[in-house]
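Structural overview
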Amino acid sequence: MDWKALLASADGPPELAALRTAASAHFLDRGLPSTRDERWRYTDTNFLTQQELELLRPVIKADAPAGVRVRPLEEAADAAVPLLAAEADMTHPFRLLNTALLRDGLLVEVEDNAKPERELLLTITTTSGLAVPRLLVVVGENTQLTLVERYRTDGGTCLPVTQFSVGSGSRVEHLRIHHGSNDVHIGCVEVRQQRDSLVTNHLLTFGGRLVRNDLQFHLLGSGAEARLNGLYLADGEQHVDNHTTIEHAVPHCDSRETYRGILGGKASAVFNGRVHVHPDAQRTDAQQSNQNLLLTDDAIIHTKPELEIYADDVKCTHGATVGQLDREALFYLRSRGLAYDEARRMLVDSFAAEIVRRITDESLRDELAETVIARLPGMLAEAA
Amino acid sequence: MLEIRNLKAGIDGKTILKGIDLTVNAGEVHAIMGPNGSGKSTLAQIIAGREQFEVSSGSVKYDEKDLLELAPEERACAGIFMAFQYPVEIPGVSNSYFLRSALNSQRRARGEQELDAFEFLTFIQERMALLNLHEELLNRPVNEGFSGGEKKRNEIFQMAVLEPQLAVLDETDSGLDIDALRVVASGINSLRREDNATIVVTHYQRLLNYVVPDFVHVLVDGRIVRSGDQQLALDLEEHGYDHIIAQAA
Ligand SMILES: Nc1ncnc2c1ncn2[C@@H]1O[C@H](COP(=O)(O)OP(=O)(O)OP(=O)(O)O)[C@@H](O)[C@H]1O
Ligand SMILES: [Mg+2]
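Keep in mind the model is a prediction, meaning the values are calculated, not measured.

Conventions and cut-offs
Residues numbered from 1 in each chain as written. Chains lettered and ligands numbered in written order. Predicted model: local features only at pLDDT ≥ 70, side-chain atom pairs only at ≥ 80, totals over all residues. Heavy atoms only, no water. Helix = DSSP H or I, 4+ residues; strand = E, 2+ residues; numbered from the N terminus. Rg over C-alpha atoms; globule rule 2.2 N^0.38 Å. Buried < 20%, exposed > 50% of the residue type's maximum accessible area, 1.4 Å probe, protein only. Contact = heavy atoms within 4.5 Å. Lys, Arg positive; Asp, Glu negative; His and termini not counted. Charge placed at Lys NZ, Arg CZ, Asp CG, Glu CD. Donors = N, O, S within 2.8 Å, 3.2 Å for Na, K, Ca; no water. 1 Å grid on protein atoms, 1.4 Å probe; cavity = no way out; pocket = protein on both sides within 12 Å on 5 of 7 lines; lining within 4 Å. Points joined across faces, edges and corners; volume = space filled by probe spheres on them. Pairing = 2+ DSSP bridges.

1. Structural notes on the overall build of chain A
Along its length, chain A carries eight helices and 20 strands. By the compact-globule yardstick of 21 Å for 384 residues, chain A fits well, its C-alpha radius of gyration being 21 Å. Here chain A holds 384 residues, and 57% of them are scored as buried. The contacts in chain A between residues at least 6 apart in sequence include a share of 86% that link residues at least 24 apart. Chain A carries 40 positive and 56 negative side-chain charges, and their two centres are separated by 2 Å.

2. Observations regarding the environment of L138(B)
Residues and elements named next belong to chain B. When you line up the elements, L138 lands in helix α5 (residues 136-139). Assessed through its relative accessible area of 4%, L138 is described here as buried. Sequence-wise, L138 and M128 are ten residues apart; in three dimensions their C-alpha atoms are separated by 9.5 Å. Setting aside residues up to four positions removed in sequence, L138 forms contacts with S94, N95, S96, I124, M128 and F157.

3. Points about the coordination of the magnesium ion (ligand 2)
All names here are of chain B. Within the protein, S41 (OG) and Q85 (OE1) serve as the donor atoms for the magnesium ion (ligand 2), at 2.0 to 2.1 Å. With S41 in helix α1 (residues 40-48) and Q85 in the loop between β6 (80-83) and β7 (90-94), this pair connects stretches of sequence that are 44 residues apart. Judged by its relative accessible area of 21%, S41 is partly exposed.

4. So, the layout of surface pockets
Taken as a whole, the largest pocket spans an internal volume of roughly 1100 Å³. Together, 43 residues line the largest pocket, and M346(A), D349(A), S350(A), G92(B) and V93(B) are the ones closest to its centre. If you list the elements that add at least two residues to the lining of the largest pocket, you get β18 (285-294), β20 (315-323), α7 (340-356) and α8 (362-383) of chain A together with β7 and α3 (95-109) of chain B. Broken down by element, the lining of the largest pocket gets its largest block of residues, ten residues, from α7(A).

5. Remarks on the pairing of strand β1 (residues 2-11) of chain B
Residues and elements named next belong to chain B. With eight bridges joining them, β1 and strand β2 (residues 14-24) adopt antiparallel strand pairing. By the bridge assignment for β2, I4 is matched with L22. Once β1 ends, the chain turns through two residues before running back antiparallel as β2, passing D12 with a positive phi of about 45 degrees. Alignment of β1 against strand β4 (residues 54-62), held across seven bridges, turns out to be antiparallel. The residue bridging L2 from the neighbouring strand is Y62, located in β4.

Right, here's the structure in full:
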């Protein structure tokens, strides 16, 4: 891949040209991450350099309820500029690349006190080449939004970046669902939360050749709460990497992080959960858990909590488990007449259901429960 | 119905059962008593099909079939049920979903129509009344957070729903208060028929006052050292195992 030539071909709204150029220079300076970098130790992306990637525009479909304003970035570039002010200084290489090629995406706005009646549904489809969609979501004060971001990618490389700014007293539920198979998906989510806001993120990954998610939550106003739920399913030679960071910048904020993974075949996964409690952030209550179910001996999980606590009056807990299917439970179910396969499916499904059941909307919850169930027979057959 | 001949079995190279002979016919109730660690649960689990135990010799026949050849689920579908001494908690699977799947799986195996959600509910409500079970327990995950007594009652509830031909109840009376014991015992009794049989493993004569056994066996160190009628259980209660072992020697 000739990154220079690719970046030189970048095109898009003139209002964003200066930003693209600055990000481009920064990216070329840094290059792709090295596996010597602790944050990328298990996720080697250098194979991208060996590939020829054609810049392709993703297809973004939006189904918006009344009360939610959705505009293509190309038509809302003026309004987007201030939201992107810090982008050229970011250090995440793929976020920089997204900025350097910035063109496609949406600006989503919910006004103060608005009451959208249903969820905003976004479907982003890419089939080949390289796509860099960007979503800017600005949620006002005392309002609410449910956003479903669905990525359908059969191949190619997608580097999406989603940024939220959530005003005081607002509630946001964000589902980010990735249905992949033979694709590369490296996404960033950044959430900035003001006073008394509640953001619940559900990150659901159903496989992909290489999937990486970097989530950054900034709790900037007291009383803010972030809930991060994650479920990742991978088998074959798939690799899933979830890196989360929660910045507790002010006192009296809560974070609840619950990630579960089910790995079959020779799949590998990474969970890295960083919680950073700043010196002023007294009365922080941060809880983190990561549980993994390995269906085969060849599946690998690297799980690592990272707590950096600089305040003294805080409550921070974390726990990680890696296990196989519970033999006692399996025998119990079989002794009641359930066939071996059915018993295994029931146990794995119930493990995943602990995450899926947290989705508020019933039809989405049911649909995702079905998606899990549909995925299991293949994973279990491979592991039998 | 069940014929165990010279059964020797163990785990990880350690011998636990050292030659068990036991015949159970339809309509009978057998009690197995014995000191801790003598192998009672091992025997129960081998009947249910626990694969971790290795059978080194002997045979177990069930209705003329070689039981040891069957997978646990095949045994269940053939009518065998074991109430666990320590029922397993299964987070995330509701009791009712679990039981309906189990019942329908058994019905399928027997070539019977599966019950839909409504038929199932009607059926189990009647069975729950039998055991004084709270409806709320149906929607909770299997055994999760159940008290010791609730777990035991839940085992007998499952038995009432699955209607086995041969039930092996491993210390179902342990951890039950007096009232619960009476409820569970009357549940067991109401499920007794001419064509089914029950093996109760217990440490206490108390249960046998309610569920009256036809035979009592004393299992010590992997062998049945004495068999008798209900009187044997009374003697044990009075004199303890040492006395019985000394007599047998
Ligand atoms: N999974 C196992 N691994 C190793 N040893 C075992 C295992 N299961 C049972 N044993 C051993 O086998 C012996 C018999 O155990 P078992 O559970 O059958 O006894 P029991 O008669 O049911 O005792 P209790 O009255 O305490 O329930 C004991 O010494 C026990 O430690
Ligand atoms: Mg026992």
